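# Understanding the architecture of this molecule
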Amino acid sequence: MFTSEKGIVEEWLSEFKTLPETSLQNYATNLKDKSSLVSSLYKVIQEPQSELLEPVCHQLFEFYRSGEEQLLRFTLQFLPELIWCYLAVSASRNVHSSGCIEALLLGVYNLEIVDKQGHSKVLSFTIPSLSKPSVYHEPSSIGSMALTESALSQHGLSKVVYSGPHPQREMLTAQNRFEVLTFLLLCYNAALTYMPSVSLQSLCQICSRICICGYPRQQVRKYKGMSNRIPVSSGFMVQMLTGIYFALYNGEWDLAQKALDDIIYRAQLELYPEPLLVANAIKASLPHGALKSSKEGTRCIQVEITPTSSRISRNAVTSMSIRGHRWKRHEQPDNNNDASELGILVLPEISVTNVSGEKTGNGEKGRTLGEIDAQQMQGVQETATDPRTESKGLPEIRRQKSVRKLMEDGINSPGRVQF
């Protein structure tokens, strides 16, 4: 450890001791931006024989029990490295050099298992049902199994898993070691979104080391550290996979993928079904290429969701569109000019006997021959008006001569009625 890094750590130790309580929040806000301090603290933790290790562990515990949320997260970011150092020292059977690290881990554990009033915590987890849709699946895509789950969910059968109450521990032993460490990793995973990239890198590295130390894969990874095998539990490996899964989608693709392969390798050797199931499920869901996600952007897992409602094309041919084309033939150009300017769709009236508009030929043809003869025999000039055209101000149309009158006078008929 360099002298400059040692000076940074010593300044950090003395600064917090003289800090007033009123400026604690501002101090915690600015602490996460000191990258040089974080790297120096990592080097202190990685050296079990360092004289600064004990005061650093003591101050990290003071941060954790201060009640300030940002100081608590600052201590949590070193948790993977602290766990590795404790396991490495325990495997080498040099317990005396890990006393301060063990005290820090026990202190964090005893603080987390109780609430603010000092009562034991009981954590509950509701297992999701496959019959209810989520961002990861839809019941319709599962098949007959979804029907079985749906039938069970209608009876209100929801499985809830409880964790706790956890007993307080005064020391770590071979029997309760991984019970405590598994719960500590659970607390770390609960704050994964607040962990910096340095902490995620440390998590991936220690997961690989724990799984390959003392096995032939250690030579493949070219890790020249300790060569003693470190025992692990099934629940501890599942908690490691939770952090690895988050690191895969948040900028640590290479390290997390190596750690995932090493966990699968160790789980196959130990014949642990739970980590094998979780690890293989994670590996099957990974994309083929590396994820180039930003380390400073929004951290999320991208999934594809199929639409729940059917979509109808806007260009589809429907009965309404066919009617629209038919009505356009009967629209009147004079009336549509005004309506089109106002953006109003004019629908013409369609009658069985008469058609609205200015044409009156169809109305004349509808008259019987007897009515025409009676009108012409009287020699009375009649005015044929359309009640619908009167409201529009159209001129009156007068009949001058009938077809029969023209034939009696011996004048060749032009073949149509003159107006």
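Note that this is a predicted model, so its numbers are computed, not measured.

What follows is about the overall build of the chain. In terms of helices and strands, the chain carries 20 helices and four strands. A total of 419 residues make up the chain; the buried ones form 33% of that total. Here the contacts in the chain between residues at least 6 apart in sequence split such that 69% fall between residues at least 24 apart. Counting every atom, the chain has about 27200 Å² of accessible surface; 53% of that belongs to carbon and sulfur.

Let us now look at the nonpolar core. In this structure, Trp 12, Phe 74 and Phe 236 are the most contacted members of the largest nonpolar core, which totals 90 residues. Per-element tally for this core: the top contributor is helix 6 (residues 79-91), with nine residues. Ignoring any residue separated from it by four or fewer positions in sequence, one finds Trp 12 in contact with Tyr 27, Leu 31, Leu 37, Leu 41, Val 56, Gln 59, Leu 60, Phe 63 and Phe 74.

What follows is about the packing of aromatic side chains. Applying the stated criterion across every chain yields a total of eleven aromatic pairs. Here Trp 12 and Phe 74 contribute two aromatic rings whose centre-to-centre distance is 6.4 Å and whose plane-to-plane angle is 50°, an arrangement assigned as tilted. Of this pair, Trp 12 sits in helix 1 (residues 3-17) while Phe 74 sits in helix 5 (residues 69-76), and the two are 62 residues apart along the sequence. A residue is classified by how much of its surface remains accessible, and Trp 12, at 2% relative accessible area, is buried. Taken together, a centroid distance of 5.4 Å and an interplanar angle of 70° make the contact between Phe 178 and Phe 236 edge-to-face. On the criterion of sequence distance, the pair formed by Phe 178 in helix 9 (residues 177-190) and Phe 236 in helix 12 (residues 234-248) is long-range, its members being 58 residues apart. Judged by relative accessible area, which is 14%, Phe 178 ranks as buried. Here Phe 236 falls in the buried class, since its relative accessible area comes to 1%. Among the aromatic side chains, those forming a connected cluster through ring pairs are Trp 12, Phe 16, Tyr 27, Tyr 42, Phe 63, Phe 74 and Phe 78.

Tracing the backbone through its elements, the reader meets Glu 102 in helix 7 (residues 99-112). Of the buried charged residues, Glu 102 lacks a salt bridge, with Arg 177 as the closest side chain of opposite charge at 7.8 Å. When sequence neighbours within four positions are dropped, the list of residues in contact with Glu 102 reads Tyr 86, Met 171 and Leu 172.

Relative to the helices and strands, Cys 207 is located in helix 10 (residues 197-212). Apart from the residues lying within four places of it in its own chain, the contact partners of Cys 207 are Met 240, Ile 244, Ala 259 and Ile 263.

This part takes up the pattern of salt bridges. Tallying each qualifying case throughout the model produces eleven salt bridges. Note that Lys 283 is salt-bridged to Asp 261, the shortest N-O span being 3.5 Å. You can see Lys 283 sitting in helix 14 (residues 273-285) and its partner Asp 261 sitting in helix 13 (residues 253-270), a full 22 residues away along the chain. Look at the salt bridges and you will find they share partners, linking Arg 217, Arg 221 and Asp 262 into a network.

Another aspect to go through is helix 13. When the terminal C-alpha atoms of helix 13 are compared, their 26 Å separation across 18 residues agrees well with the 26 Å that a helix rising 1.5 Å per residue should span. In this fold, the buried residues of helix 13 make contact with helix 10, helix 11 (217-221), helix 12 and helix 14. Leu 271, located one to two residues past helix 13, shows a positive phi value of around 60°.

This brings us to the packing of helix 7 against helix 9. Contact geometry of helix 7 with helix 9 gives a least axis separation of 10 Å together with a crossing angle of 70°. The angle between helix 7 and helix 9 falls in the class roughly perpendicular. For the pair helix 7 and helix 9, the crossing hand works out as left-handed. Together, Leu 105, Val 108, Tyr 109 and Glu 112 of helix 7 and Glu 179, Val 180, Leu 181, Phe 183, Leu 184 and Cys 187 of helix 9 make up the contact between the two elements. For the contact of helix 7 with helix 9, the residue count by class is eight nonpolar, no polar and two charged.

Taken together, the side chains of Val 122, Val 160 and Tyr 162 present a nonpolar region at the surface, about 290 Å² in accessible area. Structurally, Val 122 is set in the loop between helix 7 and strand 1 (123-126).

So, on to helix 9. A rise of 1.5 Å per residue sets the reference length of helix 9, with its 14 residues, at 20 Å; its end C-alpha atoms lie 20 Å apart and thus fit the reference within 8%. For helix 9, a buried count of eleven out of 14 residues is recorded, marking the element as mostly surrounded by other parts of the structure. Packed against the buried residues of helix 9 are helix 5, helix 6, helix 7, strand 1, helix 10 and helix 12.

Take the confidence of the model for the chain next. Across the chain, pLDDT averages 74, with 62% of residues at or above 70. Here residues 309-313 is a poorly scored stretch, pLDDT under 50, and it has zero contacts once near neighbours within four places are set aside; other chains count. Taken as a whole, residues 380-400 scores under 50 in pLDDT and shows 28 contacts with residues more than four places along the chain or in a different chain.

This brings us to the environment of Leu 87. Here Leu 87 shows up in helix 6. Separated by 15 residues in the primary sequence, Leu 87 and Glu 102 place their C-alpha atoms 10.0 Å from one another. Once residues lying within four places of it in the same chain are set aside, the contact partners of Leu 87 are Arg 177, Phe 178, Leu 181, Ile 210, Ile 230 and Phe 236.

Cut-off values and rules
Residues numbered from 1 in each chain as written. Predicted model: local features only at pLDDT ≥ 70, side-chain atom pairs only at ≥ 80, totals over all residues. Heavy atoms only, no water. Helix = DSSP H or I, 4+ residues; strand = E, 2+ residues; numbered from the N terminus. Buried < 20%, exposed > 50% of the residue type's maximum accessible area, 1.4 Å probe, protein only. Contact = heavy atoms within 4.5 Å. Areas by Shrake-Rupley, 256 points an atom, 1.4 Å probe, with all protein chains shown as cover. Core = buried A, V, L, I, M, F, W, Y, C linked by side-chain atoms within 4.5 Å. Phe/Tyr/Trp six-rings, centres within 6.5 Å; stacked < 30°, edge-to-face > 60°. Lys, Arg positive; Asp, Glu negative; His and termini not counted. Salt bridge = Lys/Arg side-chain N within 4 Å of Asp/Glu carboxyl O. Expected span 1.5 Å × (residues − 1). Axes fitted to C-alpha atoms, helices over the stretch in contact; angles between N-to-C directions. Parallel < 35°, antiparallel > 145°, perpendicular 65-115°, else oblique. Left-handed = near helix turned anticlockwise from the far one by under 90°. Nonpolar A, V, L, I, M, F, W, Y, C, P; charged D, E, K, R; others polar. Patch = residues over 30% accessible without salt bridge, like charges linked within 9 Å, V, L, I, M, F, W, Y side chains within 5 Å. pLDDT = per-residue confidence, 0-100.

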